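# Architecture and fold: a report
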Amino acid sequence: MRAWAGPGLLTYGYRPFFMFGAIWSALTMVLWVSSLTGWITLPNAMDPVSWHAHEMLFGALGAFLGGFLLTAIPNWTGRFPILGWPVAALTATWALGRVALLSPAPPMIVGAADLLFPLLLALAMLREIVAGKNWRNLPVLALFLGFLTANALFHWQVLRGDYAAGGAGFRMGLAVAVGFVTLIGGRVVPSFTRNYLVKQKRSGLPQVFGPLDRLALSLGALALVAYVARPEHLATATLCLAAGSAHLIRLARWSGHKTSAEPLVWILHIGYLFIPLGFLLVAGAKLTPALIPEIAAQHIWMIGAVGVMPLAVMSRASLAHAGRPQVASGALRVIYLTILSAAAMRFAAGYSAAPLWFTHLSGALWIAAFAGFALHYWPILTHKRARRR
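Bear in mind that the values here come from a model prediction, so they are computed numbers and not experimental data.

## Side note on the packing of helix α5 (residues 138–159) against helix α6 (residues 168–199)
Helix-helix packing is characterised by the crossing angle of the two axes and by the distance between the axes. Contact pair α5 / α6: the axes reach a minimum separation of 8 Å and the direction vectors enclose 160°. One finds that α5 runs roughly antiparallel with respect to α6. As α5 runs across α6, the sense of the crossing is left-handed. Here V140, L143, F144, G146, F147, T149, A150, L153, F154 and Q157 of α5 come into contact with α6, specifically with A168, G169, F170, M172, G173, V176, G179, F180, L183, I184 and R187.

Now the structure itself:
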């Protein structure tokens, strides 16, 4: 790794983005719940629901993806990681977008400021993949470009005066987030599970990538495209049923039931579980809307892809890259249980008969989980010592 004499927070790309992304995720929820209760009025020009949806999906998740990709791509390409002032510049452009989204600036200026970070990150990814001739990871870049496009579409809908939280830009961003979990999660979940079981000298290791995985990914991609283009169509519900079933079978092949003794591993399996559950519930919301509200089904994907899986990956990766023992502390176990409780409460809050305090409690649990992560991992993410490559 290149020498870096500056702040420890800039030693690796994951450090500032995991830290500030967690802080922003908690703060965004504080602002959202406060606006719901009428305690504050957001100063921006975007409607509150669209702002909340955007900042959860493109703001917080954008930071988590940035931190993961800036750290994973050097491992994939064999090149030195980006660190130091370039990481600081990328972090600053991400922060600029968050400030812009809270300002009363015209939508065109807000959109331009917000899109600067994902555009620069995409260019950095392209440079590293091309320089390292790492063509097998071009699909990851393609997915991120889809994320950038979805964000641009979201801002375009705001500019037109549309309700962006219910539009194609949001659905496309959510679909890409789900796609990232199926693609990247399909690498890290069985890999980390295998390492854990080998260390424990357990048999029945996760099955290797094969035809069933290809089928699950293909069905998932088709279902997500249909969800973005024609969410109300019966064919979309059918594809979601097939994709959800395939991904459940895929997950069952990774021996998650043997990892109950280590939260750092089983939380990855639960995080991935939200993806097939989301497919099945989205299908159920189309086929039996009286039983499954669409907003409840949609939040299963949102909390899984934006909450549970990012926390699972960030908590483990931060320990590994800092050279710390990869064992969940008591505080981390509480954080995991808190975010899972937030997911359960938010799903229940999607039903019309649910009292409003269900939503408030879910938000409070979400805040506690991400604020807890930021506090617990502050010394780990800001300390200079990092694992050498």
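## Some points on the packing of aromatic side chains
If you walk through the whole model with that rule in mind, you get 16 aromatic pairs. Aromatic side chains W266 and Y336 sit 6.2 Å apart centroid to centroid with 65° between the ring planes, which places their arrangement in the edge-to-face category. Of the two residues, W266 sits in helix α9 (residues 263–287) while Y336 sits in helix α11 (residues 330–349), which places them 70 residues apart along the sequence. Side by side, W266 and Y336 carry an identical accessibility label, which is buried. An angle of 90° between the planes, with centres 5.1 Å apart, marks the rings of F279 and W301 as edge-to-face. Of this pair, F279 sits in helix α9 while W301 sits in helix α10 (residues 294–321), and the two are 22 residues apart along the sequence. With a relative accessible area of 0%, F279 lands in the buried category. Overall, the relative accessible area of 0% leaves W301 in the buried class. Taken together through their ring pairs, the aromatic side chains of F58, F144, F147 and F154 make up a single cluster. Its guanidinium or amino end placed over the ring of W76, R187 lies 5.1 Å from that ring's centre, counting from NZ or CZ.

## Quick notes on the nonpolar core
Core analysis: the biggest nonpolar cluster contains 123 residues, and L57, F279, W301, I339, W366 and F370 have the highest contact counts within it. Residue contributions to this core peak at 15 residues, all from helix α2 (residues 48–77). Excluding residues that lie within four positions of it along the chain, F279 makes contacts with V178, G220, A223, L224, C240, A243, G244, H247 and W301.

What counts, and at which threshold
- Residues numbered from 1 in each chain as written.
- Predicted model: local features only at pLDDT ≥ 70, side-chain atom pairs only at ≥ 80, totals over all residues.
- Heavy atoms only, no water.
- Axes fitted to C-alpha atoms, helices over the stretch in contact; angles between N-to-C directions.
- Helix = DSSP H or I, 4+ residues; strand = E, 2+ residues; numbered from the N terminus.
- Parallel < 35°, antiparallel > 145°, perpendicular 65-115°, else oblique.
- Left-handed = near helix turned anticlockwise from the far one by under 90°.
- Contact = heavy atoms within 4.5 Å.
- Phe/Tyr/Trp six-rings, centres within 6.5 Å; stacked < 30°, edge-to-face > 60°.
- Buried < 20%, exposed > 50% of the residue type's maximum accessible area, 1.4 Å probe, protein only.
- Lys NZ or Arg CZ within 6 Å of the ring centre and 35° of its normal.
- Core = buried A, V, L, I, M, F, W, Y, C linked by side-chain atoms within 4.5 Å.

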